[in-house]
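Working through the structure, step by step
The lines below spell out each chain.
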Amino acid sequence: MMRLSTKLVRPSTTFARYFSTQANNNTASFDHGVKKLGIIGAGQMGIGIAQVAAQVAKIEVFVVDTDKDKLAKSLTFMDGVLAKNVQKGKMTEAERAETRSRIKTADSIAKFSEVDFVIEAVSENTELKQKIFNLLGAMTPPTTILASNTSSISITKIGSNTNKADRVIGMHFMNPVPVMQLVEIIPSLATSDETLQRTLALAKAMGKTTTTSKDMPGFIANRLLMPYLNEACQALLEGVGTKEDIDLTMKLGCNMPMGPLTLADFIGLDTCLSIMQVLHTQLGEDKYRP
């Protein structure tokens, strides 16, 4: 899931636990080998990944976004989150300062010639992601792993035109990143076992639990979640119930922590639409029609 709508909803701990998993990380003692992490995209996802990498994994992070205003707003938001963590006793002031000192910003990917691992977190646009990965393939060291935070687009397709397809992998974080426990790992057809193991090890170092999905549209999470949200929108369109009644029915009748329409707004309706379009066009079944 890529970003929030303008209406923010604070998820409950129940919500965080519900969409998490206790799957075992089979990383053994594999070293992720990441000392410098590059992140492309300073939206809600990108800045959340940066915070967790710097705070939990204690890795130096470079965040890149061509929109300087967006970058500044995201940093301000993160600073507010860190400050609240200090106030609530979740971290010390020294830990906050250390976390913040590990995060640096830039408006181009020129700095990525030094990074060991890159996570792309831009909008769900196949052409844009392919362009970014082609540039990264040409300018990053041969051993650098290129990960996409895509929530639905084929990893094999994203990495198909790079000069190191074996180093391309999917790393789908859940939103909001500092709260949600799960990272969905998606190897492409060309991803090497070393790339997979290093990615699993990095996710573990960031305090995350992982599941591994085949490189199919929507992967596991959104293959199951998005049709549910889409059907709720269809029920609202047909007048089956009001927004409040649909959400309340699923919360109290099915023990869902959040109603589907509230959840769709939390994710962002534009993001939900993009994912459903991928499912519909790639799988070709009417049940995925947005």
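Source: prediction; values computed, not measured.

What to know about helix H9 (residues 243–253)
Within H9, burial applies to Ile246, Asp247 and Met250. Projection of H9 onto a plane perpendicular to its axis shows the buried side chains occupying an angular sector of 90°, all on one side. Turned more than 90 degrees from where H9 packs its buried face, Glu244, Leu252 and Gly253 sit exposed. Turning to H9, the residues buried within the fold contact helix H8 (221–237) and helix H10 (260–267).

Re the pattern of salt bridges
This model, assessed by the stated rule, comprises 13 salt bridges. For the salt bridge of lysine 36 with glutamate 114, the shortest nitrogen-to-oxygen distance reads 3.2 Å. A residue pair is termed long-range when its members are at least 10 positions apart, and lysine 36 in strand E1 (residues 36–40) and glutamate 114 in the loop between strand E3 (103–106) and strand E4 (117–120) qualify at 78 residues. Judged by its relative accessible area of 38%, glutamate 114 falls in the partly exposed class.

A short note on unusual backbone geometry
With an omega dihedral of 0°, the bond running from asparagine 175 to proline 176 counts as a cis peptide bond. Here proline 176 shows up in the loop between strand E6 (168–173) and strand E7 (182–187). The phi dihedral of asparagine 255 is positive, around 60°, even though this residue is not glycine. With respect to the helices, strands and loops of the structure, asparagine 255 is situated in the loop between H9 and H10.

Thoughts on the environment of glutamine 181
Secondary-structure assignment places glutamine 181 in the loop between E6 and E7. Overall, glutamine 181 belongs to the partly exposed group, its relative accessible area being 27%. Remark: the alpha-carbon pair of glutamine 181 and lysine 208, spanning 27 residues in sequence, is separated by 5.2 Å.

Section: the sheet that holds strand E2 (residues 60–64)
One open sheet accounts for eight strands, arranged E3-E2-E1-E4-E5-E6-E7-E8; its pairing is mixed. Only two strands of the sheet have a single partner each, and these edge strands are E3 and strand E8 (209–212). Taking each pair of neighbouring strands and ignoring which way they run, the sheet shows an average axis angle of 25°. Of the pairings in the sheet, the one linking E7 to E8 comprises four bridges and is parallel in character. Of the residues in E8, the one forming a bridge with glutamate 184 is threonine 211. In the packing of helix H7 (residues 193–205) onto the sheet, contacts are made with E4, strand E5 (145–148), E6, E7 and E8, and the angle to E6 comes to roughly 25°.

Parameters and conventions
Residues numbered from 1 in each chain as written. Predicted model: local features only at pLDDT ≥ 70, side-chain atom pairs only at ≥ 80, totals over all residues. Heavy atoms only, no water. Buried < 20%, exposed > 50% of the residue type's maximum accessible area, 1.4 Å probe, protein only. Helix = DSSP H or I, 4+ residues; strand = E, 2+ residues; numbered from the N terminus. Arc of directions from axis to C-beta. Contact = heavy atoms within 4.5 Å. Salt bridge = Lys/Arg side-chain N within 4 Å of Asp/Glu carboxyl O. Pairing = 2+ DSSP bridges. Axes fitted to C-alpha atoms, helices over the stretch in contact; angles between N-to-C directions.

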